[in-house]
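As a plain string of letters, each chain reads:
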Amino acid sequence: MKNLSLAIILLFVPVLAHAWPWSMDMANQINVKPQESVDPANPGMNPFPKRSVPAPGTATSSIEVKDKDAAFKLVNPVPVTARTVDMGHRLFTIYCVPCHGKSGTGDGYVGAKLIMQPWNLTSSNDIHPWDSKDYPDGYIFGMMTFGGAVMPLYAMDLTPTERWEVVNYVRAVLQKRGIPPAAATAQKTK
Ligand code: HEC
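Report on the accompanying structure. (Residues numbered from 1 in each chain as written. Predicted model: local features only at pLDDT ≥ 70, side-chain atom pairs only at ≥ 80, totals over all residues. Heavy atoms only, no water.)

1. Looking at the side chain of Glu165
You can see Glu165 is positioned in helix H9 (residues 160–174). Of the side chains bearing the opposite charge, Arg83 lies closest to the buried Glu165, which forms no salt bridge; the N-O distance is 4.5 Å. Discounting residues that sit within four places of it in the chain, Glu165 has contacts with Val78, Arg83, Thr84, Met87, Gly88 and Leu91. (Helix = DSSP H or I, 4+ residues; strand = E, 2+ residues; numbered from the N terminus. Buried < 20%, exposed > 50% of the residue type's maximum accessible area, 1.4 Å probe, protein only. Lys, Arg positive; Asp, Glu negative; His and termini not counted. Salt bridge = Lys/Arg side-chain N within 4 Å of Asp/Glu carboxyl O. Contact = heavy atoms within 4.5 Å.)

See below:
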């Protein structure tokens, strides 16, 4: 019953879901954070130097794309090649397999503990087809950038390029679209 009410709260308060332990636990410690003042008389931090850019590992979601609707319309800038699909595979294994499973169908060990099963990312999904019009690359990118009702967000863990590489893996391998022949040959001759 406790689990059920927790899941219901998380379903209706997505912000809480984003605070799930695994996303920020290691970062939320009493240590002094980068650029944080150690002088109690002078709290706050120095302003960023002009022309500074966010480093990988910081949440860039609000800079690169406003919300899920905007993400939906993004065109995937990372070409589907053997290399990007391979990178995507590695990242998927680290970040997505615990819930979505190696198969991508949602049969991961962590996913099994959730009240809402992780959804099926393969073309065997019988809730909705994975056509490019209604479920474009930007939809998958948006799920990773902003999370879902239960699914945590990955904007802090994966750079935008890495997120597109995961999209390429989901499309080419899990959804069996393959790597365009031109890209595959171009990779080999390199
Ligand atoms: C903690 C478990 C968990 C992890 C880890 C996780 N997901 Fe999810 N995912 C879910 C759940 C639960 C849903 C169901 C929708 C929701 O939460 O709103 C979902 C839904 C999705 C959807 C929507 C599927 C559809 O049918 O429309 C996509 C796309 C997705 N996840 C991609 C990913 C990717 C890519 C990763 C790795 C970066 C990932 N997920 C990691 C739990 C997870």
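2. A few points about the packing of aromatic side chains
Evaluated as defined, the whole model comprises six aromatic pairs. When the ring of Phe92 is compared with that of Tyr169, the centres are 5.4 Å apart and the planes differ by 50 degrees; the resulting orientation is tilted. Of this pair, Phe92 sits in helix H6 (residues 82–95) while Tyr169 sits in helix H9, and the two are 77 residues apart along the sequence. Note on accessibility: Phe92 and Tyr169 belong to one class, buried. Among the aromatic residues, those joined into a cluster by ring pairs are Trp130, Tyr135 and Tyr139. (Phe/Tyr/Trp six-rings, centres within 6.5 Å; stacked < 30°, edge-to-face > 60°.)

3. Remarks on the coordination of the iron atom of the ligand
Each protein donor to the iron atom of the ligand is listed here as His100 (NE2) and Met151 (SD); together their distances run 2.0 to 2.2 Å. The coordination sphere of the iron atom of the ligand comprises six donor atoms, whose angles at the metal cover 85 to 179 degrees; the geometry is octahedral. Taken together, the residues His100 in helix H7 (residues 97–100) and Met151 in the loop between helix H8 (137–146) and H9 connect sequence positions 51 residues apart. Judged by relative accessible area, which is 22%, Met151 ranks as partly exposed. (Donors = N, O, S within 2.8 Å, 3.2 Å for Na, K, Ca; no water. Tetrahedral: all angles 85-135°; square planar, octahedral: opposite > 155°, others 65-115°.)

4. Some words on H6
Here H6 contains 14 residues, and its C-alpha end-to-end distance of 20 Å stays within 8% of the 20 Å for a straight helix at 1.5 Å per residue. Within H6, the full set of buried residues consists of Thr84, Val85, Gly88, Leu91 and Phe92. In an axial view of H6, the angular spread of the buried residues amounts to 125 degrees, which keeps them on one side of the axis. Residues of H6 that are buried in the fold lie against H7 and H9. (Expected span 1.5 Å × (residues − 1). Arc of directions from axis to C-beta.)

5. Here we look at the pattern of salt bridges
All chains considered together, the criterion is met by four salt bridges. Residue Asp86 pairs with Arg90 through a salt bridge whose shortest N-O separation is 2.9 Å. On the criterion of helical spacing, the pair formed by Asp86 and Arg90 is a turn pair, its members being four residues apart in helix H6. The class for Asp86 is partly exposed, based on a relative accessible area of 35%.

6. Looking at the side chain of Thr84
By the secondary structure assignment, Thr84 is in helix H6. When its relative accessible area of 3% is taken as the criterion, Thr84 is described as buried. In this structure, Thr84 is in contact with Val78, Pro79, Glu165 and Asn168, ignoring residues within four places of it in sequence.

7. Remarks on the site of the ligand
Taken together, 25 residues surround the ligand, and among them Cys96, Cys99, His100, Tyr139 and Met151 come closest. Here a nitrogen atom of the ligand and a side-chain polar atom of His100 are 2.7 Å apart. Between Asn125 and the ligand, the recorded distance is 3.3 Å, taken from a side-chain N or O atom to an oxygen atom. Those elements that place two or more of their residues in the shell around the ligand are H7 and H8. Of the residues contributing to the shell around the ligand, the split by class is 20 nonpolar, five polar and no charged. (Near = heavy atom within 4 Å. Polar contact = N/O pair within 3.5 Å; in protein donor to acceptor, adjacent residues only side chain to side chain. Nonpolar A, V, L, I, M, F, W, Y, C, P; charged D, E, K, R; others polar.)

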